[in-house]
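Architecture at a glance
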Amino acid sequence: APGYGDVRLSLELIPDTVNLEEPFDITCKITNCSERTMDLVLEMCNTRSIHWCGVSGRQLGKLSPSASLSIPLKLLSSVQGLQ
């Protein structure tokens, strides 16, 4: 099995298709794979084609070893095609 390091990010929910320049929702799952409690902060960076709708630098709180946290996020696509 591959090693994930201290934190593993996976997508739990993502739409098959989205409309250009219309917000859409995804759900990410963060898992603490380390043996220590982590204090997480969400930092979002836009790309040329995908833009985050929300507050960057948001505290997610403490995540115990082997625990997971699901985070709903809103994005906006500004470029057509496969992203």
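Residues numbered from 1 in each chain as written. Predicted model: local features only at pLDDT ≥ 70, side-chain atom pairs only at ≥ 80, totals over all residues. Heavy atoms only, no water.

What to know about the layout of surface pockets
With a probe scaled to a water molecule rolled over the atoms, the places where space remains empty come into view. For the record, the criterion: Detection works on a 1 Å grid of protein atoms alone, calling trapped sets that fit a 1.4 Å probe cavities and calling open sets with protein on both sides within 12 Å along at least five of seven lines pockets, with lining residues defined by an atom within 4 Å of a point. Grid points are joined across faces, edges and corners, and a volume is the space filled by probe spheres set on the points. We count a stretch as a helix when DSSP gives it H or I for four or more residues in a row; a strand needs E for two or more, and each element gets its number in order from the N terminus. Gly falls in the polar group here, along with every residue not listed as nonpolar (Ala, Val, Leu, Ile, Met, Phe, Trp, Tyr, Cys, Pro) or charged (Asp, Glu, Lys, Arg).
Taken as a whole, the largest pocket spans an internal volume of roughly 590 Å³. Along the walls of the largest pocket sit 27 residues, with Ile14, Phe24, Ile26, Ile50 and Leu75 positioned nearest its centre. Elements that contribute at least two residues to the lining of the largest pocket include exactly β1 (7–13), β2 (24–32), β4 (50–53) and β6 (68–77). Among the residues forming the lining of the largest pocket, the class breakdown is 19 nonpolar, six polar and two charged.

Comments concerning the sheet that holds β2
Using the following cut-off: Here the rule is simple: two strands pair whenever DSSP picks up at least two bridges between them. Only the stretch in contact is used when fitting a helix axis, every axis being a line fitted to C-alpha atoms; angles between N-to-C directions are given from 0 to 180 degrees.
Strand order across the open sheet formed by four strands is β1-β2-β6-β4, with antiparallel pairing between neighbours. Each of the sheet's edge strands pairs with one partner strand only, and the pair in question is β1 and β4. Taking the axes of each pair of neighbouring strands and ignoring which way they run, one obtains an average angle of 40° across the sheet. Sheet topology places β2 next to β6; eight bridges connect them, and they run antiparallel. Bridge assignment links Thr31 to a residue of β6, and that residue is Ser68.

Taken by themselves, the reported measurements are silent on function.
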